[in-house]
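Structure at a glance
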Amino acid sequence: MDNKKKIVIGIPHTGTFYTDVAMNLMNLAATENKYYLNIQMLKSSILYISREYLVSAALQANADYLMFLDSDQTVSIEGIEKLASHLDNGEDIATTLIFRKDPPFHPCVFSHQELLPNNQISLKFYDIANQDLTKPFYVVSSGFGCIMMKMDIFKKMPQPWFLPAPYTGEDITFMYKAAQMGYKTLCDPTIEVGHYGIKNYTRQDYLQVVEDKYKLIDGSVNPGVYL
């Protein structure tokens, strides 16, 4: 009997994809793996509405897990299987280390979140410079560049799931609500994810800033760094 679980990969986008990202999606669709993959894309300039529709598509598809992947990210089939294996083993949400494309290249995972009086959600970046990056660790919140979660969360959380709080992203708003409901988020730093812009941004960009290998001028990288 076939008991493979189904993963919907939801990709909100505005219509533009890097060539490396497009090739990565084609490879994912063509590669045999331990799960059924269903890639869903939705074009819109309003991100939180895109995510609402992508969740609805996953529910209609009777998916077990929903994976959000940004349109400038790449991930291997092995990475997807790792994320799913954490959910198979009882985790609620599993994410990866993705680094911002602007100095100082902070990782999009957080060690603290707080609801302010104006309903804005305040965050503190996780300090991964002193973290063992050979094994998973828990975070309180994460961006949605590459993240997987159980569909049961959406069945228990009232809609709208992604309507953003003031001055707060729709992903962070969702993560705050999920944490309030008792769901935990595991970050697996062993999964390599590409973040494409003028280059592929990785943990080395972040660690080089931490180690003062980059020369920062008014918060900007000296252009000579990339020469």
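Read on for an overview of the structure. Predicted model only: the values in this text are computed from it and were never measured. Along every chain, residues carry numbers that run from 1 in the direction the sequence is written. Confidence filtering applies because this is a predicted model: local features only for residues at pLDDT of at least 70, side-chain atom pairs given and counted only at 80 or more, and all residues used for totals across whole chains, interfaces and linings. The basis for the side-chain values is all heavy atoms of the structure; hydrogens and waters are excluded.

1. A short note on the packing of aromatic side chains
In plain terms, the rule: A pair of Phe, Tyr and Trp rings is counted when the ring centres sit within 6.5 Å of each other, with Trp represented by its six-membered ring. The angle between the planes then sorts it: under 30 degrees is stacked, over 60 is edge-to-face, the rest tilted. Counting from the N terminus, the helices are DSSP H or I runs at least four residues long and the strands are E runs at least two residues long. Residue burial is assigned from relative accessible area. The probe radius is 1.4 Å, only protein chains are included, and a residue is buried under 20% of its type maximum, exposed over 50%, and partly exposed in between.
All chains considered together, the criterion is met by 10 aromatic pairs. Ring geometry for Phe144 against Phe162: centres 6.0 Å apart, planes inclined by 80°, an arrangement best described as edge-to-face. Of this pair, Phe144 sits in the loop between strand 9 (141-142) and strand 10 (146-150) while Phe162 sits in the loop between helix 4 (152-156) and helix 5 (170-180), and the two are 18 residues apart along the sequence. Overall, the relative accessible area of 1% leaves Phe144 in the buried class.

2. Points about the nonpolar core
Going by this rule: Nonpolar cores are built from buried Ala, Val, Leu, Ile, Met, Phe, Trp, Tyr and Cys residues. Side-chain atoms within 4.5 Å join them into one set. Contacts were defined at the residue level, with two residues in contact if any of their heavy atoms lie within 4.5 Å.
With 23 residues, the main nonpolar core has Ile7, Met67, Leu69, Val75, Ile80, Cys146 and Met148 as its most contacted residues. Sorting the residues of this core by element identifies strand 1 (6-13), helix 1 (19-30), strand 3 (65-69), helix 3 (77-88) and strand 10 as the ones contributing at least two each. Looking at this core, the element that brings in the most residues is helix 3, giving five residues. Not counting residues up to four positions away in its chain, the partners in contact with Cys146 are Met67, Phe68, Leu69, Val75, Leu83, Thr95, Thr96, Ile98 and Val193. Residues Leu54, Ala63, Phe68 and Trp161 belong to the second largest nonpolar core, which totals 22 residues.

3. Re the sheet that holds strand 6 (residues 109-115)
Condition: DSSP-based pairing: two strands are paired if at least 2 bridges between them are found. Each axis is a line fitted through C-alpha atoms, and for a helix only the stretch in contact is used; angles between axes span 0 to 180 degrees, taken between their N-to-C directions.
If you trace the three strands from one edge of the open sheet to the other, you get 7-6-9, paired in antiparallel fashion. Edge positions in the open sheet fall to strand 7 (121-125) and strand 9, since each of these has one partner strand only. Sheet topology note: the strand 6/strand 9 ladder contains two bridges and is antiparallel. Across the sheet, Phe110 pairs through a bridge with Ser141, a residue of strand 9. Across the sheet, helix 5 is in contact with strand 6, strand 7 and strand 9; its angle to strand 6 comes to roughly 75°.

4. A few points about the sheet that holds strand 10
Taken together, seven strands build an open sheet; the order of strands is 2-1-3-10-5-11-8 and the sheet is mixed. Sheet topology places strand 2 (36-43) and strand 8 (137-139) at the edges, where each strand pairs with a single neighbour. Between one strand axis and the next, the sheet turns by 25° as a mean value, whatever way the strands run. Sitting on the sheet, helix 1 touches strand 1, strand 2 and strand 3, and the angle it makes with strand 2 is about 145°. Here helix 2 (residues 47-60) sits on the sheet and contacts strand 1, strand 2 and strand 3; the angle it forms with strand 1, its principal contact strand, is near 160°.

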